Amino acid sequence: MSNEAILQKPADAVVTHGDHREGNGHSEHHHKETFISKYVFSMDHKMIAKQFLITGIIWAIIGGLFSVLFRLQLGYPNDSFPILETLLGKWAKGGKIQPEFYYALVTMHGTVLVFFVLTAGLSGTFANFLIPLQIGARDMASPFMNMLSYWFFWAASVVMISSLFVETGPASGGWTSYPPLSALGGASEGSKTGMDLWLISMALFVVSSLLGGLNYISTILNMRTKGMSMTRVPLTIWALFFTAVLGVLSFPVLLSGFILLLFDRHGGTSFYLSDIYLASTQQALPNEGGSAILYQHLFWFLGHPEVYIILLPAMGMVSEIMSVNSRKPIFGYMAMIGSLFAITILAFLVWAHHMFVSGLNPFLGSVFVLLTLLIAVPSAIKVFNWLTTLWRGNIRFTPAMLFSIGFVSLFISGGLTGIFLGNSTLDIHLHDTYFVVAHFHIVMGVASFFGLFAGVYHWFPKMYGRYLNNTMAYLHFWVTLIGAYLIFWPMHYEGLAGMPRRYMDFSQWVSFNQFGDLNRFISIVSIIVFAVQLLFVFNFFYSIFKGRRVTTSNPWDSNTLEWTTPIRPGHGNWPGEIPEVHRWPYDYGKDGREFIPQTEPVGAQETAH
Amino acid sequence: MDTVMINDSQRKKMHPHKFTLWVGLGSIIMMFAGLTSAYIVKRDQPSWIAVDMPLTFWYSTAVILLSSLTVHTARAAFKERNMLKYRRLISVTVFLGLLFIVLQYVGFNQLWNSGLRMNGSGGVQFLYIIFGLHGLHVLGGIIALLVMFINAYSRRSRSYNMVPVEVASTYWHFVDILWIYLFVFFLVIK
């Protein structure tokens with residue numbers, strides 16, 4: 001219905017002539033398009049997706065570079081690197097990273113990768129790109145809000161970047177920003193201006209996520225093309241839908257927590273601050289009755305769903321890519337949706353497992369243990385469904401497929417350690433050790449990155465009408481997969497031995513200086529893996545301009561609707577009518593046919609899925 | 001699974017903008033749910049001071065309830081294409097909205113002048129922040145109503161499109177109901 005109205009012009013204005021020769025369909029859909037309206041303040045969901053992706057790539061380079069810097073410190077605590085002083089000035093006096101700056105690096109690494117790369121860069125990119133294309137819509141429910149969503153993200157990025165350049169440095173209280181460290185300007189250098197900028201940036205980021213999420217939900221529920229019932233949408237759409245639901249319901253609570261924190265910082269309130277004694281002023285604070293735990297509740301009510309906001313889009317894309325490249329229907333379509341739903345519900349009920357050692361009532365803790373371990377059930381359903389999709393498939397090992405398989409591998413490895421950490425008793429020993437670092441990097445960080453890479457390799461031809469270079473892609477995959485395991489696997493042992501997070505130098509600590517060589521090894525591998533990511537970035541930008549051209553509209557022989565558009569679709573996606581859908585998207589290898597697109601009517605003799 | 005509705009797109013669906021609004025309201029509810037649950041948790045902490053609301057907030061409650069009524073009748077008038085009545089009622093609603101904000105400000109002033117400042121950790125600090133944020137949401141509604149007000153008086157727009165009117169009036173009812181919730185919350189839970 002209002003699909004056509006969304007573009008605010010009659011349908012025939014979008015129609016171009018039936019000629020879709022390469023590079024042709026792109027420029028002629030819109031006559032009044034200027035550079036500004038096409039590339040900058042674009043309301044085309046595909047352009048906004050690319051904006052999110054490229055901004056995300058820039059952030060990923062920055063965030064990754066931060067980790068290289070602090071890995072240098074962890075691997076070589078006794079050496080100095082004069083180049084660091086040249087680059088960082090007073091933050092690396094004498095070529096050694098200063099403690100304040102070390103914390104700033106860790107904080108910014110977490111913030112940037114969790115929010116700016118794996119939330120905005122991942123779901124921002126693929127929700128924008130895939131939702132209208134895969135459900136058969138001209139654009140989002142509100143293209144304008146969609147544009148605002150990107151520009152709020154951009155504003156958040158600018159504020160966050162600028163916090164790197166203030167005199168007292170960026171926020172350094174950890175990506176969770178627990179008070180009192182984050183509430184007291186005097187607590188550390190990073191708790192001064194840097195912390196305020198961090199909060200402002202995050203508030204803008206929340207607005208961006210909400211604007212995006214609202215749009216994704218109403219687009220999925222209201223703008224599907226004829227015949228596209230909810231049991232016929234690809235699993236990517238289901239995953240992006242639940243991601244948006246999680247974001248819309250949990251980000252506002254984080255914002256509430258931030259508002260109270262801002263008042264504690266500048267308004268003199270005592271929401272989180274109590275009469276603690278400060279070493280720097282030799283006095284107790286005037287505040288009374290505040291509860292730092294209150295912040296943790298508000299933070300983790302978002303913080304845990306955030307893990308799934310990051311992971312679900314990757315799961316959805318992996319399901320889709322795996323089915324296409326196994327040439328088999330996804331195993332257990334309804335079970336996949338059901339498990340996504342179960343994860344979404346459970347995501348809201350497990351936040352206190354981040355707070356087992358905060359003085360939480362142990363009886364309450366045991367409830368959260370139970371709920372946390374329940375997540376293993378839908379997760380296992382998903383893993384078995386992926387494995388059974390691969391089973392006896394006619395697998396094409398495209399780069400996207402390799403990254404999808406890599407995702408499943410990492411999700412299993414990282415998920416299993418979640419069972420350790422979900423137990424409140426084990427958590428007494430394991431909390432705040434490298435075991436936790438290893439766990440969440442594998443299961444959430446690297447796994448979601450693999451989902452992101454899989455998505456980029458798979459949909460790059462649709463985005464830019466060209467392919468990425470395969471040689472570089474295979475090199476990227478193998479080095480990243482092996483590297484990720486080499487980096488994070490040893491951290492489990494360090495963590496089990498009790499080695500704590502957030503320390504910048506273990507060389508003088510007798511219990512842990514046995515890990516000196518191991519830490520150096522991890523650091524060397526991280527630098528190699530980082531270099532290979534730069535190779536991917538090169539491949540990405542090189543291929544936009546010089547990649548091999550796509551010559552067929554459906555290069556992966558896929559069933560979904562995005563491959564029924566021209567090679568380079570204009571604003572409005574389909575030059576003519578939006579195609580009607582007659583079947584689910586996973587009819588691969590059915591009735592002796594390799595693939596049957598969703599647009600093909602169900603035959604007289606054929607049983608529909 | 002072959003029983004799925006083929007005529008799915010022919011179903012009468014909600015306009016996406018209206019639907020977006022509903023989802024957005026869910027999001028706003030979560031924000032205030034977060035704040036009020038923080039209030040409940042905080043109440044058990046030592047040195048909690050309960051707050052008594054001044055009478056002014058009863059007046060503002062009456063005003064916002066009345067404005068809900070006027071926006072409702074304005075919507076009905078728009079539906080009947082009775083534009084004169086619609087214009088008047090929209091103007092009254094905008095006025096009542098502004099009056100609500102003024103009354104909230106007066107209420108804040110009364111509390112502030114009785115010595116209840118931001119330092120401390122009782123109900124009043126929550127009240128300032130929660131009512132303040134609610135006020136910001138009301139302001140957003142007033143801006144939406146003002147846009148409709150300008151549209152109603154500008155000559156070129158002779159549009160009888162119900163969607164913007166319905167979106168604005170739904171939102172207005174929402175901030176009203178949200179206020180009733182917050183008001184009762186602060187009355188009952190001390």
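Notes on the structure follow. Small disclaimer: the values here were computed from a predicted structure and weren't measured.

**Quick notes on the overall build of chain B**
So, step 1. Tallying secondary structure elements over chain B gives five helices and zero strands in all.
So, step 2. Overall, chain B shows an N-to-C arrangement of helices and strands of α-α-α-α-α.
So, step 3. For chain B, the spread of C-alpha atoms along the principal axes amounts to about 60 × 50 × 20 Å.
So, step 4. A burial count over chain B gives 48% of its 190 residues as buried.
So, step 5. Looking at chain B alone, contacts between residues at least 24 apart form 83% of all its contacts between residues at least 6 apart.
So, step 6. Each charge class in chain B was averaged separately, 17 positive and 7 negative side chains, and the resulting centres sit 13 Å apart.

**Section: the overall build of chain A**
So, step 1. If you tally the helices and strands in chain A, you get 18 helices and four strands.
So, step 2. Burial status across chain A gives 63% buried among its 609 residues.
So, step 3. Carbon and sulfur atoms provide 68% of the accessible area of chain A, an area that totals close to 22000 Å².

**With respect to the interface of chain B and chain A**
So, step 1. Between chain B and chain A, the residue contacts involve 37 residues of the former and 46 residues of the latter.
So, step 2. Carbon and sulfur atoms make up 69% of the area that chain B and chain A hide from each other, which totals about 3400 Å².
So, step 3. Inspection of the chain B/chain A interface yields zero salt bridges.
So, step 4. Run the count over chain B and chain A and you get six residue pairs in polar contact (both at pLDDT 80 or more).
So, step 5. The dominant element in the side of chain B that touches chain A, judged by the number of residues it contributes, is helix α1 (residues 16–43) of chain B, at 15 residues.
So, step 6. Looking at the side of chain B that touches chain A residue by residue, the classes come out as 17 nonpolar, 15 polar and five charged.

**What about the packing of helix α10 (residues 292–326) of chain A against helix α16 (residues 434–464) of chain A?**
Residue and element names in this part refer to chain A.
So, step 1. Packing of α10 against α16 leaves a shortest axis separation of 8 Å and a crossing angle of 45°. As the angle between them shows, α10 and α16 are arranged oblique. The two elements α10 and α16 meet at a crossing, and its hand is left-handed. Along the contact surface, α10 presents V307, I310, L311, A314, M317, V318, E320, I321, V324 and N325, while α16 presents V443, M444, A447, S448, G451, L452, A454, G455, H458 and W459.
So, step 2. A per-class count over the contact of α10 with α16 returns 14 nonpolar, five polar and one charged.

**Overview of the side chain of S163(A)**
Residue and element names in this part refer to chain A.
So, step 1. Considering the arrangement of structural elements, one finds S163 in helix α7 (residues 143–163).
So, step 2. At 2.8 Å, the side chain of S163 and the backbone oxygen of M160 are in polar contact.
So, step 3. Excluding its chain neighbours within four sequence positions, the residues that come into contact with S163 are M108, G169, P170, G194 and L197.

**Some words on the side chain of S319(A)**
Residues and elements named next belong to chain A.
So, step 1. Within the secondary structure, S319 sits in helix α10.
So, step 2. Classification of S319 by relative accessible area gives buried; the value is 2%.
So, step 3. At 3.1 Å, the side chain of S319 forms a polar contact with the side chain of W386.
So, step 4. S319 has contacts with L235, I330, M336 and W386, leaving out every residue within four places of it along the chain.

What counts as what
- Residues numbered from 1 in each chain as written.
- Chains lettered and ligands numbered in written order.
- Predicted model: local features only at pLDDT ≥ 70, side-chain atom pairs only at ≥ 80, totals over all residues.
- Heavy atoms only, no water.
- Helix = DSSP H or I, 4+ residues; strand = E, 2+ residues; numbered from the N terminus.
- Buried < 20%, exposed > 50% of the residue type's maximum accessible area, 1.4 Å probe, protein only.
- Contact = heavy atoms within 4.5 Å.
- Lys, Arg positive; Asp, Glu negative; His and termini not counted.
- Charge placed at Lys NZ, Arg CZ, Asp CG, Glu CD.
- Areas by Shrake-Rupley, 256 points an atom, 1.4 Å probe, with all protein chains shown as cover.
- Buried area = accessible area lost by both parts, 1.4 Å probe.
- Salt bridge = Lys/Arg side-chain N within 4 Å of Asp/Glu carboxyl O.
- Polar contact = N/O pair within 3.5 Å; in protein donor to acceptor, adjacent residues only side chain to side chain.
- Nonpolar A, V, L, I, M, F, W, Y, C, P; charged D, E, K, R; others polar.
- Axes fitted to C-alpha atoms, helices over the stretch in contact; angles between N-to-C directions.
- Parallel < 35°, antiparallel > 145°, perpendicular 65-115°, else oblique.
- Left-handed = near helix turned anticlockwise from the far one by under 90°.

These figures come from the coordinates and say nothing about function on their own.
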